Each structure stands twice: as C-alpha cells, then as structure tokens.
Number of protein chains: 2
Amino acid sequence: MTMHLNAFLMGVGHHEAAWRHPSTEPRRITDIRHYQDLARTAERGKLDSIFLADGLALWGNARHNALGGLEPLTLLAALATVTDHIGLIATVSTTYNEPFHVARKLASLDHISGGRAGWNIVTSAGEAEAANFGLTRPSHGVRYHRAEEFLQVAINLWDSWSEDAIVADRRGGVFADTTKIRPLDHEGTHFKVRGPLNVQRPPQGRPLLVQAGSSEDGKEFAARFAEAVFTAQQTLPDAQEFYADLKGRLHSYGREPRELKILPGVSPIIGSTEREAIRLERDLEELIIPAYGVQQLSNIFGVDLSDHPLDGPLPADLTQNPDGQQSRQRLVLDLARREGLSIGQLIKRLAGGRGHRVVAGTPEQIADQLQEWFEYGGADGFNIMPPLLPGGLADFVDYVVPELQIRGLFRKEYESRTLRGHYGLEAA
Amino acid sequence: MTMHLNAFLMGVGHHEAAWRHPSTEPRRITDIRHYQDLARTAERGKLDSIFLADGLALWGNARHNALGGLEPLTLLAALATVTDHIGLIATVSTTYNEPFHVARKLASLDHISGGRAGWNIVTSAGEAEAANFGLTRPSHGVRYHRAEEFLQVAINLWDSWSEDAIVADRRGGVFADTTKIRPLDHEGTHFKVRGPLNVQRPPQGRPLLVQAGSSEDGKEFAARFAEAVFTAQQTLPDAQEFYADLKGRLHSYGREPRELKILPGVSPIIGSTEREAIRLERDLEELIIPAYGVQQLSNIFGVDLSDHPLDGPLPADLTQNPDGQQSRQRLVLDLARREGLSIGQLIKRLAGGRGHRVVAGTPEQIADQLQEWFEYGGADGFNIMPPLLPGGLADFVDYVVPELQIRGLFRKEYESRTLRGHYGLEAA
C-alpha cells in the first residue's frame with residue numbers, strides 16, 4: 001500500500017502572505033504558463049492529481065492578497081493538454097449550479113484529459129456567493145439535501161449513454177444504438193431534468209468524486225458518494241478519530257474502506273536544514289498583514305472580530321454559525337482553546353494553511369510526519385498545499401517525493417493513465 | 001479592407017452525412033487531438049477564429065448522426081494552449097445560465113488564451129433544452145429581454161475590475177487598489193447580482209461579442225451589442241438586404257458600421273476541378289438518411305413532418321412557430337417556395353449547411369463567390385463550414401486561402417495577437 005498525494009494549487013502559494021515573498025510573482029495568478037509549469041512539476045513527481053479549490057465570489061480582501069485568478073474547469077481543460085497522466089480535480093458547487101451544466105462540463109473534461117477528471121463537490125457556505133446569484137444562502141441542511149439530489153442527477157446523466165452505445169456503422173447508417181441512450185425524466189425536490197446528456201459517456205464512466213465537508217451532513221454525504229475526502233486535521237489523534245469515523249460509515253452504504261481515500265491537507269515548509277525551514281516560516285509570518293488575517297477569521301464565523309485586540313483571546317461568546325462551514329469553525333475554536341492562543345497568534349497559525357496542518361522541517365522530517373499519519377491510521381495520503389508556488393511544489397517533488405519513494409511509500413512511476421486508476425478504482 | 005474568416009467546427013463536418021463519408025472518423029468527435037489538429041490547421045491559414053456552436057440538449061437523432069461531442073468552453077480552453085493567435089468563439093446561452101458563471105468562464109478563457117476569447121450569444125430556441133433545466137421554453141420576446149439584461153450584467157462584471165486595479169506592491173502590502181474593484185449591486189427583472197467578478201479584468205476588456213439571431217429582436221440586439229453577426233443567407237440580394245438593414249441600425253446606438261462585422265455561413269465543397277467538387281457533393285447526398293433529414297426539418301418548425309411524402313411539397317398550412325428560431329424557419333420556407341422544392345429535395349439542400357449556403361467548385365470558383373459577396377455589400381467575411389473535417393478545412397486553408405491572399409482579400413500574416421485585434425477593434 002502506498003500513499004496518495006495531490007498538489008493543491010492556489011495562486012502563488014497557500015500561505016496568505018505568499019504574494020509578498022520575494023520568490024513569487026503575484027501577477028502570474030492569471031498567467032496560464034504559471035499553472036502549466038506547476039502541472040508539469042506535479043506530474044514529474046508522479047502525484048495523483050492537481051486539485052483546485054473554488055468559490056463563487058471574490059474571497060478575502062484583494063487589497064491584501066493576490067486574488068482574482070482563473071476558473072477551475074477552464075483552467076484544468078487547459079492543463080489537460082500539457083500533461084499525460086496526472087488527475088485534474090475541479091471544485092464545483094452544487095448550490096449555485098445546474099446538474100446538466102456540471103455533468104456536461106466534467107464529462108467534457110474527462111474526454112479532453114483521457115479519463116483524468118475529478119469533481120470536488122462543495123455546497124458553498126459563503127453568503128457572498130449567494131448574492132452573486134440573487135439568492136440568500138440556504139441552510140446547511142438544505143444545501144446538503146440539494147447536493148444529494150444534484151449528485152444523483154449528475155450520475156444518471158453520465159450513465160445516460162451506455163458504454164456500448166456508439167456503433168459507428170457507416171454502411172448501415174447507424175451511429176449509435178439509441179436504445180442505449182436513455183432520458184432520465186428526473187423529477188425531484190430541487191431538479192427536473194429530462195436528459196440524456198449531450199456528451200458521450202466519459203472515459204472513466206464518471207469523474208472521481210471528491211468531498212471536503214467534515215460536518216455530520218458532510219460525513220454522511222462522503223460515506224455515500226465520495227471516493228476521496230479532503231480534510232483539515234491538526235493532530236494525529238483528531239485525524240485518527242476522523243479516519244475511523246468516516247471509514248466506519250461506509251459499511252451501511254455497502255462500500256469497502258478501500259473505496260474512499262482520506263487525505264488531510266498538509267502545508268510543508270521545506271528547508272535543507274530544520275533551521276532553514278523555521279527561518280522560512282518566520283519570514284512568511286513577518287509578511288502577514290494582521291488586518292487581513294482578522295478579516296479572514298471574521299469570515300469563518302460570520303462575525304466582525306476587527307474590534308478585538310490582537311493580543312487578547314477570541315470572544316468568550318463566539319459560537320459556531322450553523323449555516324457556515326461547520327467543521328472549519330470547530331477546528332479553529334478547538335485549536336485556539338487547546339493551545340490558549342490570542343487572536344494574533346491564531347492568525348499566524350491559520351495563515352499557513354487556513355486551518356490545515358503546517359509542517360516545517362527537512363525533507364526527511366516532513367516524510368517522517370507523512371509516514372506517521374499514513375501508518376497510524378490517520379490518512380491514506382495527503383493534499384499537499386505548498387506555502388509558495390512554484391518553489392514549494394518543486395521542493396516537495398524534488399526532495400520529499402524521492403524520500404517517500406525510497407521508503408516504499410509512494411509510486412516511482414504511474415501505473416495507470418486515469419485518475420480512478422491512480423486511486424486504485426475501476427472505471428465506474 | 002480584407003475579409004474576416006472563421007472556421008466553424010462541428011464534429012467531423014457540417015454535412016449531416018459527413019460521418020458516413022470514408023474520409024472521416026466519427027469516433028473522433030470526443031478526441032481532443034481531432035480538434036487540436038483542426039485548430040492548428042485554421043491557424044496555419046491565418047483565420048480570425050475557431051467558432052463552436054452549442055445546444056443544451058442532444059440535438060438531432062444520434063442513431064443517424066455523430067453526436068455527443070465536447071462542451072465549447074472546456075474544449076476552447078484546451079485549444080488555447082496549442083495555438084498562439086487564432087480567436088476562440090464559444091456559443092453560450094443566456095436563457096439557461098447565470099451571468100456570473102458565464103462572465104467568469106469567458107474571462108478565464110480570455111486570460112488563458114491571452115485575449116482571444118469570443119462569445120456567441122444565443123437564447124436557445126429548443127424545447128428540449130428547457131426540459132434539461134426544469135423549465136418550459138420562454139417566449140421569443142422574454143428570451144431576448146433576458147439576454148439584454150444578461151449581457152449588461154456580464155459587461156458590468158468584466159468592468160468590475162478597472163484596468164489599473166492591480167498594484168502588486170509587496171513592500172507596502174497592497175496587492176490591489178480595492179477602490180478600483182467595485183460591486184455591481186445589480187437588481188433587474190431577471191437577475192440580482194452583487195459582484196464584483198472573482199476573476200481579474202480580462203486582457204481584451206471583454207470577449208468579442210457575437211450574435212446570430214436574424215429575427216427582428218435578434219437584429220436589434222445585434223445592433224446594440226454585437227461586434228460580429230453570423231447569418232444564414234442563400235442569395236446575394238438577401239445577403240445585401242440583411243447587411244444594409246443591420247448596418248443601418250447601428251447609428252441609433254451610436255455605433256459605426258465598421259464596429260460590427262457581418263459574416264454569412266458558407267459551406268465550401270472543394271474539388272481540383274468543378275466536376276470533382278460536384279462529384280463530392282453527389283457522394284455526400286447519396287449518404288443522406290432521409291428519415292434523419294425529415295426529423296431535422298420537423299425540429300425546425302416544431303411539427304412532425306414524417307407522414308408527408310418525400311416527393312411532395314411542405315404542407316401548405318406550415319407556418320412559423322413564433323417561439324422557435326424565427327429566422328431559420330423563414331429562410332427554409334423561402335427556399336422551398338422560391339425553388340419549388342419537394343421535402344426530399346429540401347432535405348438535400350439543407351443537409352450541407354442546415355440552411356447556410358453551399359458552394360461547390362474549384363478553389364478559384366469558391367474565391368470568386370466569396371469575393372463577389374464581399375465586394376458587393378453582402379458580407380464583411382464568412383463563417384466557413386467545411387462539409388468534412390479535417391479534410392474540408394485543410395483544403396480551404398491550402399487552396400482557397402492562398403487564392404484570396406493573392407487577390408489581396410485576406411491577410412498573409414496575423415497583425416495582432418487578440419481576437420478583437422483581428423477584427424480591427426480596440427480592447428474594450
């Protein structure tokens with residue numbers, strides 16, 4: 001058993017001050033060559049996939065961060081043509097989209113890439129997103145209810161062309177056996193979709209299904225549908241608990257543990273010595289703009305925290321907003337309480353990975369950390385979130401990946417050409 | 001003044017029997033390499049753009065035609081990376097989409113291609129499309145009313161980032177001057193969109209705006225917004241009338257005639273001799289499946305014509321369906337009446353270009369035809385619809401384009417790197 005590794009790409013790096021670091025070029029966040037270089041680097045490292053997050057509003061404050069980059073589906077289609085093996089996972093919301101459009105674009109991406117598409121299914125917790133579609137944000141429960149129906153419709157659309165529908169009999173004048181292209185005639189609570197899809201069955205049958213919600217609704221959704229789960233976990237015990245919990249839920253949906261991979265996010269800050277790594281971490285911390293961090297923290301809870309002193313704690317009456325991103329709120333509250341962090345300290349802890357784990361050290365030390373979580377039931381692999389791009393990804397591929405390969409923990413060559421294949425899954 | 005030429009790509013060719021011809025490979029309609037080859041060929045010919053039509057349902061009957069190909073925005077993003085100059089025009093509906101998604105994806109495509117994106121704005125006349133979105137087809141008037149508001153919102157979203165918004169001052173910690181990134185707070189009849197867009201201002205300011213409706217509503221819409229109009233015209237007098245009519249409407253919107261290019265569709269059937277061209281046309285006619293043609297004709301009018309004899313005329317009581325594609329219905333009725341065609345003859349005439357003009361001949365004869373329309377006020381250029389792909393496009397590029405270049409009617413080299421530049425327009 002080897003681990004799975006995705007390159008989670010975000011602008012010029014996951015650290016919120018990455019754009020201020022001298023190694024990055026923040027104007028490149030709209031430059032396709034920047035992403036092409038990253039995709040080729042990730043493929044050189046034999047990683048399972050490239051993963052792109054997404055939101056349907058301008059996230060954060062563009063005054064203090066490099067925002068306004070490219071849209072995932074168009075970007076991944078453009079990256080498909082400069083890569084041969086690596087998977088391409090797009091985040092797409094089920095709350096502000098129609099299943100016909102989404103199923104179709106993902107099928108198209110799967111064809112374009114020869115079977116390398118993945119879909120990170122999100123329900124869009126932000127209020128700003130709703131306002132771009134003339135809506136008010138639906139409740140957490142409604143969003144997940146809609147997501148379930150959305151997914152069922154999307155799956156039925158991909159299945160609307162049987163594998164053997166295309167005949168291509170020129171002489172007989174029959175292109176497709178149309179008894180094998182079927183309408184859905186779906187009529188549900190949220191959607192009414194006739195079908196069939198107007199794109200032929202995608203090479204993987206359907207894209208790899210990925211999910212990242214860690215709330216109760218999110219975990220049930222994942223257990224039912226997801227083939228990979230991205231999660232933010234700060235400690236090995238928390239990761240183990242999450243891992244055991246989620247794997248344990250699969251049985252009731254008739255699924256095996258191996259059919260769902262659990263992939264915590266990790267931001268590796270890599271140095272040739274431990275001291276060098278820690279120095280890089282400090283350099284990045286010094287570039288943090290506190291006002292930006294406070295705003296990000298405020299957004300997580302949907303509460304304005306800008307009047308609270310940086311050297312004081314989170315307000316005692318701060319509680320989870322039931323319609324926000326529940327699991328992220330809980331993680332932040334737990335982290336602050338467990339370590340007794342002031343708002344200023346919390347901001348520094350969140351700046352590296354927005355709640356995901358940050359590990360600073362030598363390539364061997366980082367490999368040790370990944371190995372420990374992998375071998376002790378905390379992870380099937382990791383979503384790698386380089387603090388700086390392109391440098392942090394190149395360092396991971398050039399120094400950490402070989403260390404994992406030497407230890408027999410990661411593939412040396414691709415053994416498949418599809419994303420499902422990399423994850424050890426059959427075509428659907 | 002030289003003419004503008006687009007390569008209108010469709011599967012393995014525009015002739016509805018193209019997939020049965022021995023020169024095509026119908027299984028390639030989902031193969032990205034097929035489209036990459038076509039894009040490179042079109043760019044070798046210095047054409048202005050690649051154009052992709054689109055519908056949001058399975059059009060026609062897949063039993064008798066090669067259907068189920070790729071989605072335009074993902075496909076064009078994948079073609080952007082293998083070309084350097086040629087424009088990339090995607091058809092996207094305003095009736096079954098949200099302006100935020102569409103403005104964003106087109107902005108992303110414009111960044112990915114370095115300023116080569118175009119948008120063919122359609123209102124989706126088909127009933128099958130509505131059924132994939134849980135809706136009944138809105139009336140013609142409502143569709144155009146929505147399209148106008150949609151376009152205004154999209155333009156405002158592209159304009160929500162000023163050209164000089166990005167500062168990228170690392171030392172000062174200011175990435176963008178956020179006074180130059182403005183919300184829209186749009187509240188209209190069909191849409192409520194807060195904005196701003198979450199993609200930076202696209203290189204062209206906005207994509208080239210293209211439109212193809214030739215109804216009264218369509219022409220007013222084009223006069224107000226479009227920078228290129230695709231149109232189906234069978235005769236030079238009809239083309240001249242349409243040309244003069246549409247150009248004449250620009251003044252009332254404060255626009256100059258040169259700001260809108262009129263581009264009739266032409267399907268060139270090319271032979272090294274006239275006899276060879278006519279033989280190819282006959283070969284294709286013999287591959288037509290009458291039942292498919294009748295079904296296509298039925299779809300245009302929203303009336304089942306399958307019980308009418310092929311050697312008889314269209315039913316005398318056949319009239320235009322006011323909620324269908326008005327201009328195409330009128331063109332077909334006029335064609336049938338003008339030439340006294342039986343249903344069987346009409347099907348053959350429509351098989352080549354679905355109502356667009358078909359011209360068979362030597363490269364010189366085809367150049368003559370294009371030159372005549374261009375010089376006599378019928379066209380600013382053409383939307384080239386090769387009957388067979390890739391062969392028909394390669395023949396056009398290798399034999400007709402050089403003839404046009406020798407006559408001084410078409411560019412020998414690109415003089416711009418953006419689609420607006422090819423059309424002689426400034427960035428918006």
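Quick caveat: nothing in here was measured; it's all calculated off a predicted structure. (Residues numbered from 1 in each chain as written. Chains lettered and ligands numbered in written order. Predicted model: local features only at pLDDT ≥ 70, side-chain atom pairs only at ≥ 80, totals over all residues. Heavy atoms only, no water.)

This part covers the overall build of chain A. Per the secondary structure count, chain A includes 14 helices and 13 strands. A compact globule built from 428 residues should have a C-alpha radius of gyration of about 22 Å, and chain A, at 22 Å, falls within 12% of that. Counting over 428 residues, chain A shows a buried share of 64%. Residue pairs in contact within chain A that sit at least 24 positions apart in sequence constitute 77% of those at least 6 positions apart. Summed over its atoms, the accessible surface of chain A is roughly 15,700 Å², and 46% of this surface lies on carbon and sulfur atoms. (Helix = DSSP H or I, 4+ residues; strand = E, 2+ residues; numbered from the N terminus. Rg over C-alpha atoms; globule rule 2.2 N^0.38 Å. Buried < 20%, exposed > 50% of the residue type's maximum accessible area, 1.4 Å probe, protein only. Contact = heavy atoms within 4.5 Å. Areas by Shrake-Rupley, 256 points an atom, 1.4 Å probe, with all protein chains shown as cover.)

A separate point is the pattern of salt bridges. All names here are of chain B. What the rule picks out here adds up to 50 salt bridges over all chains. In this structure, Glu148 engages Arg224 in a salt bridge whose closest nitrogen and oxygen atoms are separated by 2.9 Å. Remark: Arg224 occurs in helix α6 (residues 216-225) and Glu148 occurs in helix α5 (residues 140-158); sequence separation between them is 76 residues. Taking relative accessible area as the criterion, Glu148 reaches 30% and is therefore assigned partly exposed. Between Asp159 and Arg201 there is a salt bridge, with its nearest N and O atoms 3.3 Å apart. On the criterion of sequence distance, the pair formed by Asp159 in the loop between α5 and β5 (166-169) and Arg201 in the loop between β8 (192-193) and β9 (208-211) is long-range, its members being 42 residues apart. (Salt bridge = Lys/Arg side-chain N within 4 Å of Asp/Glu carboxyl O.)

Glancing now at the relation of the copies chain A and chain B. Taken as rigid bodies, chain A and chain B are interconverted by a rotation of 180 degrees and an axial shift of 0.0 Å, the fit giving an RMSD of 0.0 Å. Interpreted geometrically, this transformation is the action of a two-fold axis. Among all residues of chain A, the minimum C-alpha distance to the rotation axis is found for Ala78 of chain A, at 2.1 Å. The share of interface residues of chain A whose copies in chain B are also at the interface is 100%, consistent with both copies meeting through the same surface. (Least-squares fit on C-alpha atoms with pLDDT ≥ 70 in both.)

We now examine the pairing of β5 of chain B. Residue and element names in this part refer to chain B. Here β5 shows one buried face, formed by Ile166 and Ala168, and one open face, formed by Val167 and Asp169. With two bridges connecting them, β5 and strand β6 (residues 174-176) associate as antiparallel partners. Bridge pairing in β6 links Asp169 to Val174. Hairpin remark: β5 followed by β6, antiparallel, with four residues in the connecting loop; positive phi at Gly173, about 75 degrees. (Pairing = 2+ DSSP bridges.)

Let us look at the UniProt feature "binding site: FMN" (unreviewed entry) in chain A. Residues and elements named next belong to chain A. The positions UniProt marks with the feature "binding site: FMN" (unreviewed entry) are Asp54, Thr91, His140, Tyr144, Ser214 and Ser215. Relative to the assigned elements, Ser214 resides in the loop between β9 (208-211) and α6 (216-225). Filtering out sequence-adjacent residues up to four positions away, Ser214 remains in contact with Lys219, Thr231, Phe242 and Ser327. Position of Ser215 relative to the elements: it lies in the loop between β9 and α6. (UniProt positions renumbered as here; feature names shortened; annotations may be inferred.)

Right, let's get into the pairing of β9 of chain A. All names here are of chain A. By the alternation rule, side chains of β9 split into Leu208 and Val210 and Leu209 and Gln211, which are all buried. Pairing between strand β4 (residues 117-122) and β9: four bridges, direction parallel. By the bridge assignment for β9, Ile121 is matched with Gln211. In this sheet, strand β10 (residues 228-231) lies alongside β9 in parallel orientation, the contact comprising two bridges. Within β10, the residue paired with Gln211 across the bridge is Val229. As for the winding sense of the linkage, the β-α-β connection from β9 through α6 to β10 is right-handed. (Right-handed = clockwise from strand over helix to strand, strands pointing away.)

Let us look at the side chain of Thr30 of chain A. You can see Thr30 of chain A is positioned in the loop between β1 (4-9) and α1 (32-44). Judged by its relative accessible area of 12%, Thr30 of chain A is buried. Beyond its immediate stretch of four places on either side in the chain, Thr30 of chain A contacts Gly68, Gly69 and Leu70 of chain A together with His111 and Gln200 of chain B.

Turning our eyes to something else, we now look at the interface of chain A and chain B. In this assembly, 74 residues from chain A lie in contact with 74 residues from chain B. Roughly 6,000 Å² is buried in total at the junction of chain A and chain B, and carbon and sulfur atoms are behind 57% of that figure. For the interface between chain A and chain B, the tally reads four salt bridges. One salt bridge connects Asp54 of chain B with Arg104 of chain A, and the closest N-O pair in it is separated by 2.5 Å. Joining chain A to chain B, the criterion identifies 43 residue pairs in polar contact (both at pLDDT 80 or more). Every element with two or more residues in the side of chain A that touches chain B is listed here: α1, α2 (72-80), α3 (99-112), α4 (127-131), β5 (166-169), β6 (174-176) and β8 (192-193) of chain A. The greatest single-element share of the side of chain A that touches chain B, amounting to seven residues, is contributed by α3 of chain A. Taken together, the residues of the side of chain A that touches chain B sort by class into 36 nonpolar, 24 polar and 14 charged. (Buried area = accessible area lost by both parts, 1.4 Å probe. Polar contact = N/O pair within 3.5 Å; in protein donor to acceptor, adjacent residues only side chain to side chain. Nonpolar A, V, L, I, M, F, W, Y, C, P; charged D, E, K, R; others polar.)

Another point: the UniProt feature "domain: Luciferase-like" (unreviewed entry) in chain A. In the UniProt entry, the feature "domain: Luciferase-like" (unreviewed entry) is given for residues 22-379 of chain A. Within residues 22-379 of chain A, the helical portion is 41% and the strand portion 14%, while the C-alpha atoms at the span's ends are 33 Å from each other.

Attention now moves to the environment of Glu149 of chain A. Structurally, the position occupied by Glu149 of chain A is in helix α5 (residues 140-158). Separated by 183 residues in sequence, Glu149 of chain A and Val332 of chain A place their C-alpha atoms 31 Å apart.

A separate point is unusual backbone geometry. The peptide bond linking Leu389 of chain A to Pro390 of chain A adopts the cis configuration, its omega dihedral lying at 10 degrees. In this chain, Gly195 of chain B is followed by Pro196 of chain B through a cis amide linkage whose omega measures 0 degrees. Locating Pro196 of chain B in the fold gives a position in the loop between β8 and β9. Within the chain, Arg354 of chain A stands out as a residue other than glycine whose phi angle is a positive 50 degrees. Within the secondary structure layout, Arg354 of chain A lies in the loop between α11 (343-351) and β12 (357-361). By relative accessible area, Arg354 of chain A is classed as partly exposed at 26%.

So, about the packing of aromatic side chains. Going through the model one piece at a time under the given rule, you end up with 20 aromatic pairs over all chains. Taken together, a centroid distance of 5.7 Å and an interplanar angle of 75 degrees make the contact between Trp19 of chain A and Phe175 of chain B edge-to-face. Taken together, the residues span two chains, with Trp19 of chain A in the loop between β1 and α1 and Phe175 of chain B in strand β6. The residues Trp19 of chain A and Phe175 of chain B share a single accessibility class, namely buried. Ring geometry for Tyr144 of chain A versus Phe221 of chain A: centroids 5.9 Å apart, planes at 70 degrees, classification edge-to-face. (Phe/Tyr/Trp six-rings, centres within 6.5 Å; stacked < 30°, edge-to-face > 60°.)

Residue and element names in this part refer to chain B. Running from N to C, helix α9 (residues 290-301) and helix α10 (residues 326-339) point in directions that differ by 125 degrees, and their axes come no closer than 9 Å. Compared by their axis directions, α9 and α10 come out oblique. In this structure, α9 uses Leu297, Ile300 and Phe301 to contact α10, whose residues at the interface are Arg328, Gln329, Val332 and Leu333. Of the residues contributing to the contact of α9 with α10, the split by class is five nonpolar, one polar and one charged. (Axes fitted to C-alpha atoms, helices over the stretch in contact; angles between N-to-C directions. Parallel < 35°, antiparallel > 145°, perpendicular 65-115°, else oblique.)

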